[in-house]
Amino acid sequence: MSEIKHGSVAVVGGGIGGIQAALDLADSGFYVYLIEEGPAIGGRMAQLDKTFPTNDCAMCMLSPKLVEVGRHPNVQIITLASVESLEGRPGNFQMTIRQRPRYVDITRCIACGRCIASCVYQDTKFPSEFEVGLGKRKPVYIPFPQAVPLAAVVDPQTCIFFKSGRCPQNCLKACERGALDFTQTEKLFMLEVGAVIVAPGFDPYDARRVGEYGFGRYANVLTGPQFERLLSASGPTSGKVLRPSDGKAPKKIAFIQCVGSRDLRHQRYCSAVCCMYTTKEAIVAKEHDHQIEPTIFYIDLRAYGKGFENLVKRARAEHGVRYIRSMVSQVTEIPETKNLLIRYRDESGSLQEEEFDLVVLAVGMGPSAKGQELARRLGIELNEHGFAKTSAFNPVMSTREGVFVTGAFTGPKDIPETVVQASAAAAAVEALLAPVRGTRTHAKDYPEELVPDGTPRIGVFVCHCGSNIAGVVDVKSVAEYAKTLPGVVHAENVLYTCSQDNLKHMKEVIREKRLNRVVVASCTPRNLAALFQDTIREAGLNKFLFEMVNIREQCSWVHSDQPEQATEKAKRLVRMGVAKARELKPLSVQSVRVSPAALVLGGGLSGMIAALTLGDSGFETHLVERSAELGSDLESADVQGLKAKLLDAVRVHPKLRVHTNTTVREISGFVGNFSSVLRSPQGEERIQHGVVIVATEAYEHKPSGYLYGEDARVLTQRALEKALTPQASPGLFTVPPAAARCTVQAEPAEDEAHAPRAQGRGEGQLGKTIVMIQCVGRTERRPYCSRICCAEALKNALTLLEQDPDRQIYVLYREMISYGFFEDLYRRARDGGVVFIRYDEQSPPVVCKENDQLLVTVRDAHLRQELVIKPDLVVLSPGVVPDPYNEELSRLLKVPLDSHGFFVEAHIKLRPVDFASHGIFLCGGSHAPGTVPELIAKAQAAAGRAAIVLSRGQLEAGGIIASVDPEKCTACLTCLRECPFGAVFINEQGLAEIEAVKCQGCGICAADCPAKAIQLGQFEDAQELAMLEELFRPEQVALKALTPSPLPRRGEGERGRG
Amino acid sequence: MTNDEPKIVAFCCHYCAFAAADLAGVLRLKYPPNVHIIRLPCTGKLDALYLLKAFEAGADGVIVAGCLEGSCHFISGNLRAKKRVLVVKSLLPRLGIEPERLEFFNLSSAQGDRFAQIAREMTERIKSLSPMRGEESESKSGVDAL
């Protein structure tokens, strides 16, 4: 353990995966260097308009995370940086970083854009990386409006100064902050870190390499990522879908799937996300412009994730998206109109030619070129597809100890899977570095808070922001005006309120003038309010005695053509801010001690992994299983080794307590302080714990019909798997080495093979002719894709062929869901002679018996013919169903289930393993079906998220939260009903009370309370109404009526109502 | 505020609408300076009383803007707000106030242009209505009459 030295971690890659890993680690006691190759963090997600399957706005979700990580005291963001080398061992690495110059001092830049406006290039001239070439930028630019760090950057490749040395350097002169610095040079420096997380993401496949679709030659052929920018409200066309060739609105848009994916000439694997991102793009395009007629050309429609199928259904039914199952062989341009001609074979087999206005290519996810170079420098291995090599049973572990990999670097995946892996990698790092937790993080000391006396003494700081505000708004007159407002004892103008020298000055003024409220009129509170709050706290004020007035984004920048009105508006806004400040109250934040133990519910694979991860991080963990044994879900042959290892580890782990034959009778409390009663045959036991992880699994559904249960020759895939001999089976859901297993004799061409064969002689107990039926019993009641069955069938088919290459196997399927690297299994099965027959949802196969001969009748959707097969064995894939115990857990924990019985996470994209209720986390098949590596990552992630709570020791509660006035509460239960977070309870007096730790500060209860008994801190009714009244008060009246009289008392007029 | 410009208050939620208004600024879009934003943590915090008080205090128009449906940072706040706005809209005619003066919008934080457009459209819409009836005292009695 002496080797474990550094409580700091390098996270390489600032996309959503890197950001999530950085936040998880920094929140649980580690210092993080977030190293980003480009000038801003945010990655690919920042470029997306919406995300599937909910079509949520990507930037709305991402931007708060960017701000959070940018402001985190224990995260240092290093942009324009790449890794040179990594020396040392786990716990004690030395990483050398090369940082390119930005030519802009980010501590001085305020992203006002004056340098950009003054650049010698009057027009934007160079393709913008962020707009995927559709928009243009100048040599000096801000990567995107929400960029973090929010600062300009100079691109030396295009800047005239660097190219010729002859440039008037207008940008340098235009910058009022002296932020531009052309003398910056490349820096080489070393970081000492205990572990490394590598998250460089992916490269979209280069569509130019798929020549037949004309990308790069035809103006109106775009890629999916480009189309995303067209849809974005902040994109190059402001969210209007327009053709590049003529700027006209297209009507017919064709989307072509699998561009560069599932193709031996390009990438063999399936890119896993394209079917869904195209479906989303088609819907969103249609929503933007109802005239648009989207058509999607696809091979297999892979809607295999949570909520995906529903989105596709809606696309078809509500939005009229046309799906055509066909591979497009060629796109040609009609020179006169620049329209595009697509030739394809329709589902009846006849050749069609159709004209489209725009073609969008669903390019796949390729391995990141920079990631591959990075892998070389870090000394980690890649797999055969060029992605990071990982172990099936530790999906975030690279081939070098102490270096973890996450996100699309390990294979194509969507955002939630990336976030899951990021949290999983953070959890793995936490376990590794547990002994040095908290040794490199900073905690700040603040002076004791002054007790505010009742009379407001308000200081107002009106910012020039250089000329950003002062160039439009007469800021001097605004400050003068502020001085006349009741309660204001100090008002001044400041050139840059956020500059270090002013923050110091502000603290001095607070002390000298004994200010007890501060108003800053400058930019948006979304970025800097926390900075100013921290400053007044350093001066001894409660941080909630602060109000920020936005006179930049919401005034000077939008009214620059009307300077006088803008000045008047700024005064009104300041008047409103001061009115609110008069009503502000200090809010207290209490520390609540955390019970440093965890309760994990469900002793299957996920529960064991989660418990072990928490135990390794040093937290006492109760693992509760209601059956007699752990790991009963691990049935198949290829996970028996893993099962044995896990059972051993759980048994000897000093931090784990296993409770089998145990159920939970009662759970009370909240994050940090739960109290539960466990019931077992030995009696009842009460335990205290800080977090709960729900880790119940999903199980194979028991099919009905198809002669299942009536004839022993009809069984399920799981039963087949058990019957197959262990040593011959490939690793579960991992891609076995291709070479050794492709020796199976090729079978006759597909058409011939479709001819039914009468076998029935049956060599070996499983027989010669085997029919596998996918999607058994997928009805209205169970309409979701179970995700794992196709891969399971492929794996078993390959094993059957290995045992006996003469076997004839038929797989009857609806859509072949061999996503990601499973595509290799699909190809090998086809090469090995497995016959795949697609059937329509409306005409499922029928199994019957004739003179003891099994008969399977299926209507081949492709041939449009009925086929009869006489198999020796029928194997059913009945899908998976969640644990029925979930219903009880849902009631006990007050966490939601969806209509199929799976748990509903806090946010489908960015909080995949959290429940909305704080302190409760989820993993396992009962969250959503998944493969073994996927379940392991989810379990590790849930443990990592839970460890954040446990590692803190103390939780802060209070601040902007709601509280109930017991005098006014009538216990009508409205708040109890409406609170989305279950924070309201009825106390011993029979009145409503709000659990401070659970309250998220939305204020729904306050607005809904009919007795007006609930107030939300910082947004009290008196404060809001004071702003309203000031806004509409005529100027003269305001001054005359208010100056002589004492300060108005807190909203008396409003309270009486109700 | 010049006398002929309608006075509008916009209640915006912190995570989406307020961010969209910021983006409108970053993109240097233009909208009339008579639109004033009051930031709420969530439109779920919007008390129906605020809407009535706004008209009582002298607002010519009120905008309430929350997240897109299904995207509320607080799960259901925007849906609650929408309901309250609809209720108040139905009450406004009894106070002699056209319901068109109050509107609920859903927008994402990336829709800077949409925010500017809403500000412009509401201004135009209210300009097209006849001026607000009566003085403050009169509308006040109207609220009390409820």
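Residues numbered from 1 in each chain as written. Chains lettered and ligands numbered in written order. Predicted model: local features only at pLDDT ≥ 70, side-chain atom pairs only at ≥ 80, totals over all residues. Heavy atoms only, no water.

Asks: It is not clear to me how the overall build of chain B should be interpreted in this structure. Could you clarify?
Replies: Scanning chain B from N- to C-terminus turns up 5 helices and 4 strands. Overall, chain B shows an N-to-C arrangement of helices and strands of β-α-β-α-β-α-β-α-α. Scored against the burial criterion, the 146 residues of chain B give a buried share of 62%. Here the analysis covers contacts within chain B between residues at least 6 apart in sequence; of these, 78% occur between residues at least 24 apart. Surface accessibility of chain B: about 5400 Å² in total, with carbon and sulfur atoms responsible for 52%. (Helix = DSSP H or I, 4+ residues; strand = E, 2+ residues; numbered from the N terminus. Buried < 20%, exposed > 50% of the residue type's maximum accessible area, 1.4 Å probe, protein only. Contact = heavy atoms within 4.5 Å. Areas by Shrake-Rupley, 256 points an atom, 1.4 Å probe, with all protein chains shown as cover.)

Asks: I tried to follow the overall build of chain A on my own but got confused; where do I start?
Replies: The helix and strand inventory of chain A stands at 29 helices and 52 strands. Counting only C-alpha atoms, chain A reaches 105 × 80 × 60 Å along its principal axes. Counting contacts in chain A only where the partners sit at least 6 residues apart, residues at least 24 apart contribute 71% of the total. Total accessible area on chain A is roughly 40500 Å²; 50% of this is exposed by carbon and sulfur atoms. Separation between the mean location of the 123 positive side-chain charges and that of the 125 negative ones in chain A comes to 3 Å. (Lys, Arg positive; Asp, Glu negative; His and termini not counted. Charge placed at Lys NZ, Arg CZ, Asp CG, Glu CD.)

Asks: Help me understand a nonpolar patch on the surface, please; the structure alone is not making it clear to me.
Replies: Residue and element names in this part refer to chain A. Together, Leu973, Leu976 and Ile986 make up an exposed nonpolar region whose accessible area comes to about 220 Å². Checked against the element boundaries, Ile986 lands in strand S50 (residues 984–986). Using a relative accessible area of 37% as the deciding quantity, one classes Ile986 as partly exposed. (Patch = residues over 30% accessible without salt bridge, like charges linked within 9 Å, V, L, I, M, F, W, Y side chains within 5 Å. Salt bridge = Lys/Arg side-chain N within 4 Å of Asp/Glu carboxyl O.)

Asks: Help me understand the sheet that holds strand S13 (residues 195–198) of chain A, please; the structure alone is not making it clear to me.
Replies: Residue and element names in this part refer to chain A. Spatially, 5 strands are ordered S5-S2-S1-S13-S24 in an open sheet, and the strand pairing comes out parallel. Of all strands in the sheet, those bounded by a partner on one side alone are strand S5 (75–78) and strand S24 (403–405). The mean inter-strand angle of the sheet, taken between neighbouring strand axes irrespective of direction, is 20°. Where strand S1 (residues 8–12) and S13 come together, 4 bridges link them in parallel fashion. Looking at S13, one finds that Val12 is bridged to Val198. Sheet strands touched by helix H1 (residues 16–27): S1, strand S2 (31–35), S5 and S13. Its angle to S2, the strand with the most contacts, is close to 165°. (Pairing = 2+ DSSP bridges. Axes fitted to C-alpha atoms, helices over the stretch in contact; angles between N-to-C directions.)

Asks: Teacher, can you tell me more about the sheet that holds strand S33 (residues 663–670) of chain A here?
Replies: Picture the strands of a sheet paired through backbone hydrogen bonds; they go either parallel or antiparallel. Residues and elements named next belong to chain A. Spatial ordering of the open sheet is given by S33-S34-S35, a layout of 3 strands whose pairing is antiparallel. Each edge of the open sheet is held by one strand with a lone partner, namely S33 and strand S35 (683–689). For this sheet, the mean inter-axis angle between neighbouring strands, taken without regard to orientation, is 15°. Relative to S35, strand S34 (residues 673–680) runs antiparallel, the two being bridged by 7 bridges. Opposite Ser676, over in S35, you have Ile687 as the bridge partner.

Asks: When you look at the interface of chain B and chain A in this model, what are you seeing that I'm missing?
Replies: Frequently, the measure chosen for interface size is the accessible area that the parts lose on association. Facing 55 residues of chain B, the contacting portion of chain A comprises 55 residues. Both faces combined, the contact of chain B with chain A buries some 4700 Å², and carbon together with sulfur accounts for 64% of it. Among the residues chain B hides against chain A, the three largest losses belong to B:Pro33, B:Lys45 and B:Phe74. Together they make up 13% of the total. B:Arg84 serves as the salt-bridge partner of A:Asp1008, at 3.1 Å between the closest nitrogen and oxygen. Scanning the region where chain B abuts chain A turns up 16 residue pairs in polar contact (both at pLDDT 80 or more). Looking at the side of chain B that touches chain A, the elements with two or more residues in it are strand S1 (8–13), helix H1 (17–26), strand S2 (35–40), helix H2 (48–57) and helix H3 (77–91) of chain B. Of the residues forming the side of chain B that touches chain A, the biggest block, 8 residues, is contributed by H1(B). (Buried area = accessible area lost by both parts, 1.4 Å probe. Polar contact = N/O pair within 3.5 Å; in protein donor to acceptor, adjacent residues only side chain to side chain.)

Asks: I would appreciate a short explanation of helix H9 (residues 369–378) of chain A in the present structure.
Replies: Along an α-helix, residues three or four positions apart point the same way, because every turn accommodates 3.6 residues. Residues and elements named next belong to chain A. All of the buried residues along H9 are Gly371, Leu374, Ala375 and Leu378. Down the axis of H9, the buried set is contained in an arc of 105°. They therefore lie on one face. Those residues of H9 that are buried lie in contact with S1, strand S6 (81–89), strand S7 (92–99) and S13. One side-chain oxygen of the residue at the start of H9 lies 3.4 Å from the amide nitrogen of Lys370, identifying that residue as Ser368. At the exit of H9 stands Gly379, carrying a positive phi of roughly 70°. (Arc of directions from axis to C-beta.)

Asks: Just checking my understanding: could you explain the confidence of the model for chain A for this structure?
Replies: Parts of the prediction with low pLDDT should not have their coordinates interpreted in detail. Residue and element names in this part refer to chain A. Per-residue confidence for chain A averages 91 on the pLDDT scale, and 94% of its residues sit at or above 70. Predicted confidence is poor over residues 727–763, with pLDDT under 50, and the contacts of this stretch with residues over four places away or in other chains come to 78 contacts. Taken together, the stretch residues 1037–1058 has pLDDT below 50 and engages in 33 contacts with residues farther than four places along the chain or on a different chain. (pLDDT = per-residue confidence, 0-100.)

Asks: Looking at this model, I keep getting lost on the pairing of strand S45 (residues 873–876) of chain A. Mind explaining?
Replies: Across a regular strand the side chains alternate sides, sitting on one face of the sheet and then on the other. Residues and elements named next belong to chain A. Taking every second residue as pointing to the same face, both faces of S45 are buried, with Leu873 and Val875 on one and Val874 and Leu876 on the other. Of the pairings in the sheet, the one linking strand S38 (residues 714–716) to S45 comprises 3 bridges and is parallel in character. Looking at the pairing, Thr716 lines up with Leu876 of S45. When strand S39 (residues 769–773) meets S45, the two strands line up parallel, connected through 4 bridges. When the bridges of S45 are listed, Val771 appears paired with Val874.

Asks: Help me understand unusual backbone geometry, please; the structure alone is not making it clear to me.
Replies: Backbone geometry follows two general trends: most residues other than glycine have a negative phi, and most peptide bonds adopt the trans configuration. Residue and element names in this part refer to chain A. Here the amide bond leading from Phe52 into Pro53 is cis, since omega sits at 0°, within 30 degrees of zero. Looking at the element boundaries, Pro53 is found in the loop between strand S3 (50–51) and strand S4 (56–57). Cis rather than trans, the peptide bond between Val148 and Pro149 has omega equal to -5°. Even without being glycine, Lys894 reaches a positive phi, approximately 55°. Take Lys894: it is sitting in the loop between helix H23 (886–893) and strand S47 (920–922). Relative accessible area serves as the criterion here: at 65%, Lys894 is assigned to the exposed category.

Asks: It is not clear to me how the packing of helix H7 (residues 274–288) of chain A against helix H8 (residues 308–317) of chain A should be interpreted in this structure. Could you clarify?
Replies: Between two packed helices, the angle of one axis relative to the other and the distance separating the axes together describe the packing. Residues and elements named next belong to chain A. As a packed pair, H7 and H8 sit with axes 10 Å apart at the nearest point and diverge in direction by 40°. H8 is crossed by H7, and the crossing has left-handed handedness. In contact with Met276, Thr279, Lys280 and Ile283 of H7, H8 contributes Phe308, Leu311, Val312 and Ala315. Here the residues of the contact of H7 with H8 sort into 6 nonpolar, 1 polar and 1 charged. (Left-handed = near helix turned anticlockwise from the far one by under 90°. Nonpolar A, V, L, I, M, F, W, Y, C, P; charged D, E, K, R; others polar.)

Asks: Would you explain the side chain of B:Ser109 in this entry?
Replies: If you trace the backbone, B:Ser109 turns up in the loop between strand S4 (102–106) and helix H4 (112–128). Excluding anything up to four places from it in sequence, B:Ser109 contacts A:Cys57, A:Met59, A:Cys60, B:Tyr15, B:Cys16, B:Ala19, B:Ala20 and B:Leu23.

Asks: Help me out: how do you make sense of the pairing of strand S25 (residues 458–463) of chain A in this one?
Replies: Residues and elements named next belong to chain A. S25 sits mainly inside the fold: 6 of its 6 residues count as buried. Of the two faces of S25, the one lined by Ile458, Val460 and Val462 and the one lined by Gly459, Phe461 and Cys463 are each fully buried. In this fold, the crossover linking S25 to strand S26 (residues 488–494) by way of helix H11 (residues 475–483) has right-handed handedness. (Right-handed = clockwise from strand over helix to strand, strands pointing away.)

Asks: Help me understand the nonpolar core in this model?
Replies: Note that soluble globular proteins tend to have their nonpolar side chains buried in a common cluster. Counting 115 residues, the largest nonpolar core has A:Leu25, A:Leu605, A:Leu614, A:Ile693, B:Tyr31 and B:Ile63 as the members making the most contacts within it. Looking at this core, the element that brings in the most residues is helix H24 (residues 932–952) of chain A, giving 12 residues. In this structure, B:Tyr31 is in contact with A:Gln554, A:Val558, A:His559, A:Lys569, B:Ala24, B:Ile37, B:Phe115, B:Ala116, B:Ala119 and B:Arg120, ignoring residues within four places of it in sequence. Formed by 61 residues, the second largest nonpolar core is a distinct cluster that contains A:Cys465, A:Leu545, A:Val549 and A:Leu584. (Core = buried A, V, L, I, M, F, W, Y, C linked by side-chain atoms within 4.5 Å.)

Asks: Help me understand the environment of A:His862 in this model?
Replies: Residues and elements named next belong to chain A. Topologically, His862 is positioned in the loop between strand S43 (853–860) and strand S44 (865–869). It is 6.8 Å that separates the C-alpha atoms of His862 and Arg838, two residues lying 24 residues apart in sequence. With sequence-adjacent residues up to four places away left out, His862 is seen in contact with Glu347 and Arg838.

Asks: What should I look at first to understand the confidence of the model for chain B in this one?
Replies: Residues and elements named next belong to chain B. Per-residue confidence for chain B gives a mean pLDDT of 88, with 88% of residues at or over 70. Under a pLDDT of 50 for its full length, residues 135–146 has, in the predicted model, 14 contacts with residues more than four places off or in other chains. The complex prediction reports pTM at 0.86, with the ipTM value standing at 0.93.

Asks: What am I meant to see in H8(A) here?
Replies: Residues and elements named next belong to chain A. Turning to H8, its buried residues are Phe308, Glu309, Leu311, Val312 and Ala315. Along H8, the residues classed as buried sweep out an arc of 160° about the axis, all on the same side. Buried positions along H8 lie against H7 and strand S18 (322–325).

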